[in-house]
Amino acid sequence: MKRGEIWTLRDDGYASKARPVVIVQSDDIDMFDSIVLCLLTTFDSSEILTRVRIMPDLENGLRKNSYIMTEKIIKEIHEKQATRVTFTHRCLLSTVTLCLTVFCF
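Quick caveat: nothing in here was measured; it's all calculated off a predicted structure.

Rules used throughout
- Residues numbered from 1 in each chain as written.
- Predicted model: local features only at pLDDT ≥ 70, side-chain atom pairs only at ≥ 80, totals over all residues.
- Heavy atoms only, no water.
- 1 Å grid on protein atoms, 1.4 Å probe; cavity = no way out; pocket = protein on both sides within 12 Å on 5 of 7 lines; lining within 4 Å.
- Points joined across faces, edges and corners; volume = space filled by probe spheres on them.
- Helix = DSSP H or I, 4+ residues; strand = E, 2+ residues; numbered from the N terminus.
- Nonpolar A, V, L, I, M, F, W, Y, C, P; charged D, E, K, R; others polar.
- Contact = heavy atoms within 4.5 Å.
- Expected span 1.5 Å × (residues − 1).
- Buried < 20%, exposed > 50% of the residue type's maximum accessible area, 1.4 Å probe, protein only.

A. Examining the layout of surface pockets more closely. Roughly 420 Å³ of volume is contained in the largest pocket. Lining the largest pocket are 16 residues, with Arg 19, Pro 20, Thr 42, Leu 62 and Arg 63 positioned closest to its centre. Looking at the lining of the largest pocket, the elements with two or more residues in it are β1 (5-9), β2 (19-23) and β3 (34-41). Partitioned by chemical class, the residues of the lining of the largest pocket number seven nonpolar, five polar and four charged.

Next comes the structure, spelled out in structure tokens:
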């Protein structure tokens, strides 16, 4: 699991259905048995400043307009009930990093 990858995660503790997540943890931090993720939603969140819009395309594998919820940070055991989908765009990941910085600090 690498930073910027989009995975589909099934986690009964948060949602009853599998949902997309984006890996936000630095690739340099690999000594833990868990990884830090942000959840995605298809709910129109254009007015919420902490959410980063991601449009569906062939590269990211999404089927609907989605929003990375940088305020919904979770940790998960590596590859626990997860399936890799694809990568996010580099410029989009920079926006996610900025939103995480603003939200967390």
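B. Seen up close, the environment of Gly 61. With respect to the element layout, Gly 61 can be found in the loop between β4 (51-54) and β5 (66-77). For the pair Gly 61 and Thr 88, spaced 27 residues apart in the sequence, the C-alpha separation amounts to 9.6 Å. Setting aside its immediate chain neighbours within four residues, Gly 61 contacts Val 85 and Thr 86.

C. Seen up close, helix α1 (residues 90-104). For α1, built from 15 residues, the straight-helix expectation of 21 Å at 1.5 Å per residue is met to within 8% by its first-to-last C-alpha distance of 21 Å. Summarising the contacts, the buried residues of α1 are in contact with β3, β4 and β5.

D. Inspection of the environment of Leu 92 at higher detail. Turning to its location among the elements, Leu 92 is positioned in helix α1. On the basis of relative accessible area, Leu 92 is assigned to the buried category, the value being 12%. Separated by 24 residues in sequence, Leu 92 and Ile 68 place their C-alpha atoms 9.9 Å apart. Apart from residues no more than four positions distant in its own chain, Leu 92 is found in contact with Val 52, Arg 53, Ile 54 and Ile 68.

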